[in-house]
Every structure is written in structure tokens, then in C-alpha cells.
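# A structural walkthrough
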Amino acid sequence: MLRTGDLKLMQELNRSIILNTIRKKGPISRSDIAKLINISPTTVTSAVNELINQRVVYEDGVGSSSGGRKPVLLRFDPNSRYIIGVSISNSFIKISEMNLEGAIIKREVHSTHQYQGNEIINLILTIIEQFITSKDNIDLCEGISIITPGIVDSSKGILSYNSKLKLYNIALKQIVEEKFNIQTHIDNDTNAFVQAENYFGSFSQYKDLLYITIGDGVGSGVMINGKTLRGYKGSAGELGHTTIVRGGLKCECGNEGCLENYVNWPAIYSKIVSSLLTRGKGTFIHDQVKGDLSKITPALFVQALKEGDVLCLRIMDEVVSHLSTSIINTIHLLNPEVIILSGEIIQDNELFLGAIRSKVAQGVIPILKEEVNIQPTSLGADFEMLGAAAVILQEKFQFVFQ
Ligand SMILES: [Zn+2]
């Protein structure tokens, strides 16, 4: 026999499944929901009544009937409530209000003013406070989602380690919840991005995903069987700090030969600079830069590759060689179904993607050669906010709104 607690949980689960069905299949009738998910029509009716009371679902129009009364159709209302996303990077704090489909309603970008430690935490709190004091419907806020580089223990809500911002062991979830009394989630940014690729992007059909982003560092997020791989302390997916050259370049993590020091933008930049000085004459990039090193940007690097610039092509080969080593190792360890690459040097760079695909395919065990599936990110310019949104929405849509 079911105890009261179990019964309540069952009802919540049913409501959650019904809400998700309306969200994904709507407009849909009550009887079609019952048939589709094999739940009794009475259960569907009472759950739908509650969802309508909560305004997340509304009646809209009628469907066709095979005789008898035409059924009323139900739709999900993504604008019934909203969420707040906060993305922290070394240079910016971005904050947005989004609806329940991750559409941005209002956004602000703030400089971090190169603050670190307590100063940056206080700045984040001030930015959130100013953002929400302008709102008169704070009761409709479903939650705040904060994403940041570094190691995050998302279940405890602790930012354990972010060396660039000098943040160590900060109970950020608790701090924000106590100040604003709004449920708060905190996650590592690349973990959030892999969730967003799966939730919003083109990769919802996959359950095993590896996401790699190349910028000032190298970040990665791993999803296994539809769940983010976190590890014991939340540090899983530190692909940038896997060793690829024993005794190689010194890394800020204390180790030597970590991947990120060979493939991140600062590494590519310094290779371009030193090559320009020694044998750059006559190359496309040399002519573009004309001695002004500040003109060397990821976009110019990508353009130089397209122009067939020999200097940049050689640097790309080195980057591809190192990155493919790490990807091959990871494929053999985790067997992902898709590998998603993002970052400015990947953006709009089919040449790079093609090179990495073939280098990886050469290195994997024979039965995986045909299966190598490396794709560019599908999230677009608002990837940070979609990441923050995915952290909340993935969890929210497992259970119904309180
Ligand atoms: Zn390292």
C-alpha cells in the first residue's frame, strides 16, 4: 500500500510528466496526453487543473474529433514564470531574465573591474540585487542560476576553486539564497554548456556528449547517459589539465605539459608572434598585422587559415595534433556519441574542424573510426545564458512547480 508521502510524490511525478508532455507535444488534448503516456484520464484531468491554476498551462482552441465533442487543446506558457541567469567570467558578469524556454527578456553586462576574492562576491550580490529590485513580480521567479569557470560542487552549492578570481570554498548558493530568498543553483560553466547543447541545442538526441571549449583556457563538460559527469568533488572534465607532454610547459595548476598551454588562444597568439618575427615576411597575416601585434585576434587567425596562410596553417597543425591526442584519449575512456567544439578559433572554421576530424579518426581504435562525430557548437552568441537556463530548466522539468 502506498503511504501518503509516496502518494504525493507519485502525484508530483505525474504532474511533471504531464507538464513535459504538454511542453513538448502541445497543443494537445487531455485524452491524447492520457493515451500518450498511459496515465488514467482522471489523473490527467486533476493534474491539468493544478497546472492551469499555476498558469504554466492554458487552454487554447479545439482539436479535431472522430465523432462527439471536439477536445479542448492545452498549451504550455513559457512566459508564466521566469528565471535569472548569471554568468561569471574573468572579465564580465552577465545577468539576464529569461522565460521558461531560455528566451532572454532583459540583459545586462557588467565589468568585473578585475576584482577578486570577496570583492567579486560582493559585486555579484550587488548586481543581482539591483537587477531584481527593479522587478515587481519577484514571486514569479523560479530560481537564480549562476555559472562560473572553476571547480564547483553543484550538489552542495559550493564554488570550490577558481584561481583566476581567487575564489576558494565559497558557499555561493547559500550566500545568494540567504540574501534574496530565491532558490539558487550554481554550476561550472562548461558543465552548463553541455547541458544546454543537450537541452536547447542540436544535440538533444544524444545521451553521451563531450563538450570542449577553447578560449583563454580549455574547458570541457561531459554528459554520460543524459547526466552531467561530475566526479567525487565536482572536478570531472578538466580536460585542459590533462598531461599531453611529459616535462612540457609549466602550467598554472602546478603541473607541466597540460593540454591548455598548447592549444588555448594565448598559446596560439604567442606562436604567431614568434613566427612573425622569424619567418613571417610575405605571409597574409604579416601583411594584415603590419607590425601591430594587437591586430592578431582569433578572427584574423581564422581568416588567415582561409587565405591559405602557411604560417597559420602550420600553427593550426600543431594545435590539431595536441588537441586530437586529448580527444583520442577521451574517446577511448568515455566513448562519447558526439564531441562538440566551441570557441572563437573553432567558430566558422571548417578547415580546423576537418583537420581535427581526420586526425582523431586516424588515432582511434578501428571499430570507432567510422563513428567519430565532431561538431561545432549549436548554441550561438547567447551560449552563456542558455547554459545558465539549462541548469535550472533540466532540473525543474523533472518535477512540477511548487
Ligand atoms: Zn594544468
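About the cut-offs
Residues numbered from 1 in each chain as written. Predicted model: local features only at pLDDT ≥ 70, side-chain atom pairs only at ≥ 80, totals over all residues. Heavy atoms only, no water. Helix = DSSP H or I, 4+ residues; strand = E, 2+ residues; numbered from the N terminus. Areas by Shrake-Rupley, 256 points an atom, 1.4 Å probe, with all protein chains shown as cover. Lys, Arg positive; Asp, Glu negative; His and termini not counted. Charge placed at Lys NZ, Arg CZ, Asp CG, Glu CD. Pairing = 2+ DSSP bridges. Expected span 1.5 Å × (residues − 1). Bend = angle between axes of the 7 residues up to and from the residue. Buried < 20%, exposed > 50% of the residue type's maximum accessible area, 1.4 Å probe, protein only. Salt bridge = Lys/Arg side-chain N within 4 Å of Asp/Glu carboxyl O. Axes fitted to C-alpha atoms, helices over the stretch in contact; angles between N-to-C directions. Contact = heavy atoms within 4.5 Å. Donors = N, O, S within 2.8 Å, 3.2 Å for Na, K, Ca; no water. Tetrahedral: all angles 85-135°; square planar, octahedral: opposite > 155°, others 65-115°. Core = buried A, V, L, I, M, F, W, Y, C linked by side-chain atoms within 4.5 Å. Patch = residues over 30% accessible without salt bridge, like charges linked within 9 Å, V, L, I, M, F, W, Y side chains within 5 Å. Parallel < 35°, antiparallel > 145°, perpendicular 65-115°, else oblique. Left-handed = near helix turned anticlockwise from the far one by under 90°. Nonpolar A, V, L, I, M, F, W, Y, C, P; charged D, E, K, R; others polar. Domains from an automatic or database assignment. Buried area = accessible area lost by both parts, 1.4 Å probe.

### Focus on the overall build of the protein
Helix and strand counts for the protein come out as 13 helices and 16 strands. The C-alpha extent of the protein, read off along each of the three principal axes, is 80 × 50 × 40 Å. Accessible surface computed for the protein: about 19,800 Å², of which carbon and sulfur atoms make up 50%. Of the charged side chains in the protein, 39 are positive and 42 negative; the average position of the first set lies 3 Å away from that of the second.

### A closer look at the pairing of strand 10 (residues 167–170)
Of the pairings in the sheet, the one linking strand 9 (residues 158–162) to strand 10 comprises three bridges and is antiparallel in character. Pairing of Asn 162 across the sheet is with Leu 167, part of strand 10. Between strand 9 and the antiparallel strand that follows it, strand 10, lie four residues; Lys 166 among them carries a positive phi value of about 50°.

### Remarks on helix 13 (residues 383–396)
The end-to-end C-alpha distance of helix 13, which contains 14 residues, comes to 20 Å, matching closely the 20 Å that a straight helix rising 1.5 Å per residue would cover. Maximum bend of helix 13: about 30°, positioned at Ala 390. Counting buried positions along helix 13 gives 12 out of 14 residues, so the element sits mostly inside the fold. Looking only at helix 13, the buried set comprises Glu 384, Met 385, Leu 386, Gly 387, Ala 388, Ala 389, Ala 390, Val 391, Ile 392, Leu 393, Gln 394 and Lys 396.

### Some details on the pattern of salt bridges
Scanning all chains against the criterion turns up 18 salt bridges. Its salt-bridge partner being Lys 179, residue Glu 129 comes within 3.7 Å of it at the nearest N-O pair. Here the residue Glu 129 occupies a position in helix 4 (residues 117–133), and Lys 179 occupies one in helix 5 (residues 172–180), the gap between them amounting to 50 residues. For Glu 318, the salt bridge is made with Lys 271, and the minimal N-O distance between the two is 2.9 Å. Linking Glu 318 in helix 11 (residues 310–334) with Lys 271 in helix 8 (residues 265–279), this pair joins segments that are 47 residues apart in sequence.

### Remarks on the sheet that holds strand 5 (residues 92–98)
Spatial ordering of the open sheet is given by 6-5-4-7-11, a layout of five strands whose pairing is mixed. The open sheet is flanked by strand 6 (104–111) and strand 11 (184–188), the only strands paired with a single partner. If you compare each strand with its neighbour and ignore which way they point, the axes differ by 15° on average. As paired elements, strand 5 and strand 6 share seven bridges and run antiparallel to each other. Across the sheet, residue Phe 92 finds its bridge partner in strand 6, namely Ser 111. Along the sheet, helix 4 contacts strand 4 (82–88), strand 5, strand 6 and strand 7 (141–148); its crossing angle with strand 5, the most-contacted strand, is approximately 30°.

### Some remarks on the coordination of the zinc ion
At 2.0 to 2.4 Å from the zinc ion lie its protein donor atoms, namely His 241 (ND1), Cys 251 (SG), Cys 253 (SG) and Cys 258 (SG). Seen from the zinc ion, its four donor atoms lie at angles of 105 to 122°, and the figure they make is tetrahedral.

### Things to note about the nonpolar core
Counting 46 residues, the largest nonpolar core has Ile 212, Ile 272, Ile 285, Phe 301, Ile 327, Leu 341 and Val 360 as its most contacted members. At 10 residues, helix 11 tops the list of elements feeding residues into this core. Sequence-distant contacts of Ile 285, defined by excluding residues within four places in its chain, comprise Ile 272, Leu 276, Leu 300, Ala 304, Asp 309, Leu 311 and Cys 312. In this structure, Ile 84, Leu 125, Phe 131 and Val 176 belong to the second largest nonpolar core, which totals 28 residues.

### Re the sheet that holds strand 15 (residues 338–342)
Taken in spatial order, the five strands line up as 14-13-12-15-16 in an open sheet, and their pairing is mixed. The two strands at the open ends of the sheet, each matched to only one other strand, are strand 14 (227–228) and strand 16 (374–376). Direction of pairing for strand 12 (residues 209–214) relative to strand 15: parallel, over a ladder of five bridges. Looking at strand 15, one finds that Tyr 211 is bridged to Ile 340.

### Considering helix 6 (residues 189–199)
The element helix 6 is largely enclosed, with a buried count of 10 among its 11 residues. Buried within helix 6 are the following residues: Asp 189, Thr 190, Asn 191, Ala 192, Phe 193, Val 194, Gln 195, Ala 196, Glu 197 and Asn 198.

### Quick look at a nonpolar patch on the surface
A contiguous nonpolar patch, built from Leu 9, Leu 13 and Ile 17 and spanning about 230 Å² of accessible area, is present on the exposed surface. Counting through the fold element by element, Leu 9 comes out in helix 1 (residues 4–25). With a relative accessible area of 44%, Leu 9 lands in the partly exposed category.

### Comments concerning the packing of helix 8 against helix 11
Two numbers describe how helix 8 lies on helix 11: the axes approach to 10 Å, and their chain directions differ by 140°. When the axis of helix 8 is compared with that of helix 11, the two are oblique. For the pair helix 8 and helix 11, the crossing hand works out as right-handed. On helix 11, the residues that touch Ile 268, Lys 271, Ile 272, Ser 275, Leu 276 and Arg 279 of helix 8 are Leu 311, Arg 314, Ile 315, Glu 318 and Val 319. Residue classes in the contact of helix 8 with helix 11 are distributed as six nonpolar, one polar and four charged.

### Concerning the domain arrangement of the protein
Domains assigned within the protein are domain 1 (4–76), domain 2 (82–197 + 383–396) and domain 3 (204–376). For domain 2 and domain 3, the distance between their C-alpha centres works out to 27 Å. If you look at the interface, domain 2 gives 14 residues, while domain 3 gives 18 residues. Between domain 2 and domain 3 lies a buried interface of about 1,400 Å² when both sides are counted; carbon and sulfur atoms form 50% of it. A per-residue breakdown of the area domain 2 buries against domain 3 is headed by Thr 190, Val 194 and Glu 197, which together make up 38% of the total. Between Arg 230 and Asp 187 there is a salt bridge; the shortest N-O distance is 2.8 Å.

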